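# Topology and contacts: notes
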Amino acid sequence: MRARAILFAMLAFLASPAMGQETRLAPEGHNPPPATVAQLDWMVGQWVGEGIGGARSYESWLPASSATMVGTFVQETAAGEIMFTEHMYVAEEAGSLVVRLKHFNADLTGWEEKDDMLSFPLLSIDQCAAYFSALTYRCDGDDAMLVAVRMKSDGKEIRELVFRFKRLR
């Protein structure tokens with residue numbers, strides 16, 4: 001738990017991806033809109049971009065398996081070593097979508113407790129964008145994707161990190 005708090009503080013300190021207003025938050029009593037994972041086919045593939053502290057980051061999404069898409073995120077250090085990874089699911093739930101994810105240190109120790117994960121319900125979706133509460137995926141030009149996430153730094157200040165990825169060919 002302490003390691004996670006230190007890492008979040010470090011992430012906020014080192015963050016060089018553009019800060020902006022790309023994320024949205026679910027209002028109280030929000031009812032997620034109808035959606036399916038097929039609407040996120042544009043995300044399938046491998047992506048590379050500049051991540052935290054200017055170091056390289058990767059995001060990969062597999063084609064949907066039934067009602068779930070599986071993805072991974074890798075954040076490297078400036079030296080090219082793994083800083084941390086995320087294992088992500090976009091799943092159909094109650095006629096809408098939810099993103100669930102878990103973080104792992106470079107040695108595969110988890111940030112979240114064994115049965116815990118972060119969940120982001122869908123707020124809105126269109127042809128090339130999906131806005132989840134505190135997490136955004138959207139097209140950002142030809143073969144480019146923007147991913148933005150709100151996070152607490154040191155458990156206090158809320159910051160938004162914006163990652164811009166290019167599709168690997």
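Residues numbered from 1 in each chain as written. Predicted model: local features only at pLDDT ≥ 70, side-chain atom pairs only at ≥ 80, totals over all residues. Heavy atoms only, no water.

Per an unreviewed UniProt entry, the protein carries the name DUF6265 domain-containing protein and comes from Qipengyuania flava.

### Considerations on the state of the cysteines
Tallied over the entire structure, the rule returns one disulfide. What pairs with C128 in a disulfide is C139, and their sulfur atoms sit 1.4 Å apart. Taken together, the positions of C128 in the loop between strand 6 (118-126) and strand 7 (129-132) and C139 in strand 8 (residues 135-139) put the pair eleven residues apart, joining distant regions of the chain. Since its relative accessible area comes to 25%, C128 is described here as partly exposed. (Disulfide = S-S within 2.5 Å. Helix = DSSP H or I, 4+ residues; strand = E, 2+ residues; numbered from the N terminus. Buried < 20%, exposed > 50% of the residue type's maximum accessible area, 1.4 Å probe, protein only.)

### Here we look at the packing of aromatic side chains
Inspection of every chain in the model, using the stated rule, returns six aromatic pairs. On the basis of an interplanar angle of 85° and a centroid distance of 5.9 Å, the ring pair of W61 and Y137 is categorised as edge-to-face. With a gap of 76 residues between them, W61 in strand 2 (residues 56-61) and Y137 in strand 8 connect regions that are remote in the sequence. W61 gets classed as buried once you look at its relative accessible area, which sits at 3%. (Phe/Tyr/Trp six-rings, centres within 6.5 Å; stacked < 30°, edge-to-face > 60°.)

### Describing the pattern of salt bridges
Under the counting rule described, the total for this entry stands at six salt bridges. The partner of E93 in a salt bridge is R100, and the shortest N-O contact between them spans 2.3 Å. Taking relative accessible area as the criterion, R100 reaches 25% and is therefore assigned partly exposed. Across the salt bridge formed by D143 and R167, the nearest N and O atoms sit 3.3 Å from each other. One end of the pair, D143, is in the loop between strand 8 and strand 9 (144-153); the other, R167, is in strand 10 (residues 157-167), with 24 residues separating them in the sequence. Overall, R167 belongs to the partly exposed group, its relative accessible area being 26%. Put simply, E22, R138, D140 and R164 are held in one network by salt bridges that share partners. (Salt bridge = Lys/Arg side-chain N within 4 Å of Asp/Glu carboxyl O.)

### Points about the nonpolar core
Inside soluble globular proteins, nonpolar side chains tend to come together where they are buried. If you look at the biggest cluster of nonpolar residues, it comprises 31 residues, and the most contacted ones within it are L40, M43, V90, L97, F132, Y137 and M145. Residue assignment for this core shows that the elements contributing at least two residues are strand 3 (68-76), strand 4 (82-93), strand 5 (96-105), strand 6, strand 7, strand 8, strand 9 and strand 10. Per element, the largest residue contribution to this core is four residues, and it comes from strand 4. Not counting residues up to four positions away in its chain, the partners in contact with M145 are W42, M43, W47, E59, Y137, R138, D140, F163, R164 and F165. (Core = buried A, V, L, I, M, F, W, Y, C linked by side-chain atoms within 4.5 Å. Contact = heavy atoms within 4.5 Å.)

### Considerations on the environment of M151
Structurally, M151 is set in strand 9. Distance from M151 to L161, taken between C-alpha atoms, is 7.7 Å for residues ten residues apart in sequence.

### With respect to unusual backbone geometry
The residue S66 is not glycine, and still its phi comes out positive at about 60°. Even without being a glycine, A94 presents a positive backbone phi close to 50°. Checked against the element boundaries, A94 lands in the loop between strand 4 and strand 5.

### Quick notes on the pairing of strand 8
In terms of burial, strand 8 is largely enclosed, as four of its five residues are buried. Where strand 7 lies against strand 8, four bridges are found, and the strand directions are antiparallel. Counted as the bridge partner of A130 is Y137 from strand 8. Here strand 7 folds back onto strand 8 in antiparallel fashion, the turn holding two residues, of which A134 has a positive phi close to 75°. (Pairing = 2+ DSSP bridges.)

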